[in-house]
Structures are given as C-alpha cells and as structure tokens.
Amino acid sequence: MDTRAVAVVIAVKRLDAAKTRLTPVIAADDRRALVLAMLTDTIAAARGAGLHQLVVVSPDSSVAAVALDAGATTVVDDGEVLNDAFAIGIEHALSMWPDNRILVLQADLPAARPASLHAAVARSAQHERSYIPDHSGTGTTALFLNVDMPGGADVLRFGVNSASEHRGRGAVDLTAGADRWPDLRMDVDTVDDLLTAQHIGLGGATSLVVSGLQLHEQTQTPGATAPADGS
C-alpha cells in the first residue's frame, strides 16, 4: 500500500467558456459565480479530507484569486486543452512535492464530502492508477496516479468516454462492485445535475449561489448530449 502524501491538481476553463450547457437557464454572471463557488467547495472538501497540497491551473484571474483564497497554489495556463492543463499542474505539483502521489480532480464537485474523499484516497493507495467515474459512468471525476506517467499527458484521457479510456490505460475503477461515493461522482454539467447535487447536499459556497437561482422551476433540455469532461 502506498502511504505517500497526495497532491491535488485541478484545472478550470476560462469562465466565459465554462459550463456552457447551463446557458439556456442560468445567466452569464450567475454561471461564472456558480463555477467559482463549485471550485471553492471542491477545494474545501479536499482540504477537509486532509489534502492541503493543491494546485489549480487556469487562464482566468478570477479563478486564480478564488483558488488562492481557498488555500491552493495557482498556475496560469493560456491553453484550452484540459489534459494539457492537468499535465502542467502535475508537473508543478511534483516540482514542489516530488515524492507525492497525484490526484487529478474535477473542479465541479459541489456535493463532495471530505469523508468520501478521504476514503477514496485510502482505497487508491492499493493501485498504481485508479479513478472514480462520474454519475453517468462514462466520465471521470477523479484520477489517482501513484507512479510516473509513461507517455506523459497521454495517460490523462479526460474528455469523451474518459472512464473507459482511463480503464484501458490500466486505471482501476474505485467504485466497481459497490454503490459508493455518489457525492464524488456528481459533477455538474446540466441543471438536472445541479438539482441532483443539491439533493445530495451542496457545499456552502454553491448553496449560497444556487439559493438565488430558483432552479426548482427549471429543467434541463430533454435529449441533450452529454459533454466531454470539464465543460
């Protein structure tokens, strides 16, 4: 079992390009506030789980400011490719904490609970690579790397069908055979996702934003196609 400390790497798009599937029902300013609130609550869950070595990669100065206030180190990345941003974050994390394991974590987990994340970290120590699928089973909310990345960023396969992509590269599904950690699987891309996360229990920052949106009267457009991770 790998008992090394874990560094967390998070990447966030430029705010004007984030969570575009929420556009029909959430105004631009509210959408930006929501993205920042979900990042705040995701970082808070990580810190509550004892993960204090955090790197947030983003081209957006507002994201950097919120991340710094929440206790993370920030890296500016002007690119638009999520996997490249994660790779930059991993490189930065290992430059500061070279002996750490790595947790690549999505930024939109507003219902994440420290106890669940702590349990996932412990379970991940048994595997060289492991992941947590999103609530649909096709995406990835968390990827644990306990070894160097042969092939570099190619190990990071966030995007369409990322769960099967990560599994195909040797990562173990930490939820396989058990209905565990619904809070860690509940990333938010649609209004319905946000309502489900609210039912699980939102973190304080996201709850404050959502309370002013009256989303109980809204619904996601039926038949919408699921996006790639990190949208």
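All figures in this text were calculated on a predicted structure; none of them were measured in a lab.

### Structural notes on the overall build of the protein
Within the protein, the secondary structure is distributed over eight helices and seven strands. Taking 17 Å as the expected radius of gyration for a compact globule of 231 residues, we find that the protein reaches 16 Å, a close match to that expectation. Considering only C-alpha atoms, the protein reaches an extent of 45 × 40 × 30 Å along its principal axes. Per-residue burial over the protein gives 52% buried out of 231 residues. Taking as baseline every contact in the protein between residues at least 6 positions apart, the subset at least 24 positions apart corresponds to 68%. On the protein, roughly 9,800 Å² of surface is accessible, and the fraction owed to carbon and sulfur atoms is 50%. Where the 17 positive side-chain charges of the protein centre and where its 28 negative ones centre are 5 Å apart.

### Quick look at the confidence of the model for the protein
Overall, the prediction assigns the protein a mean pLDDT of 91, with 90% of residues at 70 or greater. Residue range residues 221-227 is modelled with pLDDT below 50. Its contacts to residues more than four positions away, or to other chains, number five contacts.

### A short note on unusual backbone geometry
One non-glycine residue with positive phi stands out, namely Lys19, at about 55 degrees. Inspection of the secondary structure assignment puts Lys19 in the loop between strand E1 (6-11) and helix H1 (28-48). Residue Lys19 is classed as buried on the basis of its relative accessible area of 4%.

### So, the sheet that holds strand E6 (residues 140-145)
Backbone hydrogen bonds are what pair the strands of a sheet, in a parallel or an antiparallel way. Strands sit in the order E3-E2-E1-E4-E6-E5-E7 across an open sheet of seven strands; the sheet is mixed. Looking at the sheet topology across the chains shown, the edges are occupied by strand E3 (73-76) and strand E7 (172-173). Sheet topology note: the strand E5 (residues 129-133)/E7 ladder contains two bridges and is parallel. By the bridge assignment for E7, Tyr131 is matched with Asp173. Contacts from H1 reach E1, strand E2 (54-58) and strand E4 (101-105), with the element oriented near 160 degrees to E2. Contacts from helix H3 (residues 82-96) reach E1, E2, E3, E4 and E6, with the element oriented near 150 degrees to E1.

### A word on the packing of aromatic side chains
Tallied over the entire structure, the rule returns one aromatic pair. Just above the ring of Trp181 sits the side chain of Arg180; from NZ or CZ to the centre is 5.4 Å.

### Structural notes on helix H4 (residues 114-124)
Within H4, burial applies to Ser116, Leu117, Ala120, Val121 and Ser124. The buried residues of H4 occupy an angular sector of 135 degrees when the element is viewed end-on, so they sit on one face. Contacts made by the buried residues of H4 are with E1, H1, E4, E5, E6 and helix H6 (182-185).

### Digging into the nonpolar core
Ile10, Leu39, Ile43, Leu51, Val56 and Leu103 are the most contacted members of the largest nonpolar core, which has 35 residues in total. Counting residues per element, the ones that place at least two in this core are E1, H1, E2, helix H2 (61-70), E4, H4 and E6. Aside from chain neighbours lying at most four places away, what touches Ile10 is Leu39, Thr42, Ile43, Val55, Val56, Val57, Phe86, Leu105 and Ala107. Ranked by size, the runner-up nonpolar core spans 23 residues in total, among them Val9, Tyr131, Val155 and Ala171.

### Here we look at the pattern of salt bridges
Taken as a whole, this structure holds six salt bridges when the rule is applied. Asp29 is the salt-bridge partner of Arg32, the closest N and O atoms lying 2.1 Å from each other. In this pair, Arg32 and Asp29 are both assigned in helix H1, three residues apart and thus about one turn of the helix distant. Assessed through its relative accessible area of 30%, Arg32 is described here as partly exposed. With a relative accessible area of 54%, Asp29 lands in the exposed category. Via salt bridges that share partners, Lys19, Asp108 and Asp189 belong to a single interconnected network.

The rules behind each value
Every chain begins its residue count from 1, and numbering advances along the sequence as written. Only residues with pLDDT of at least 70 get local features here, since the model is predicted, and only at 80 or more are side-chain atom pairs given and counted; chain-wide, interface and lining totals rely on the full set of residues. With hydrogens and water set aside, each side-chain value is computed from the structure's full complement of heavy atoms. A run of H or I in DSSP becomes a helix once it reaches four residues, and a run of E becomes a strand once it reaches two; helices and strands are each numbered from the N terminus. Throughout, radius of gyration means the C-alpha value; the globule benchmark is 2.2 Å times the number of residues raised to the power 0.38. Here the term buried applies to any residue with accessible area under 20% of the maximum for its type, exposed to any over 50%, and partly exposed to those in between, with areas from a 1.4 Å probe on protein chains only. Contacts: residue pairs with any heavy atoms within 4.5 Å of one another. Working definition of accessibility: Shrake-Rupley area with a 1.4 Å probe, residue cover restricted to the visible protein chains. We treat Lys and Arg as the positive residues and Asp and Glu as the negative residues; His and chain ends play no part in the count. Charge positions are represented by NZ for Lys, CZ for Arg, CG for Asp and CD for Glu. The pLDDT value expresses, per residue, how confident the predictor is, ranging between 0 and 100. Paired strands, as defined in this entry, are two strands with at least two bridges between them according to DSSP. Inter-axis angles, ranging from 0 to 180 degrees, are taken between N-to-C directions of lines fitted to C-alpha atoms, where helices are fitted over the stretch in contact. Aromatic pairs are defined between Phe, Tyr and Trp rings, using the six-membered ring for Trp, whenever the two ring centres lie within 6.5 Å; interplanar angles under 30 degrees are classed as stacked, those over 60 as edge-to-face, and all others as tilted. To sit over a ring, a charge needs its Lys NZ or Arg CZ within 6 Å of the ring centre and within 35 degrees of the ring normal. Each C-beta atom gives one direction from the helix axis, and the arc is the one those directions make. In plain words, nonpolar cores are sets of buried Ala, Val, Leu, Ile, Met, Phe, Trp, Tyr and Cys residues tied together by side-chain atoms within 4.5 Å. Criterion for a salt bridge: a side-chain nitrogen of Lys or Arg within 4 Å of a carboxyl oxygen of Asp or Glu.

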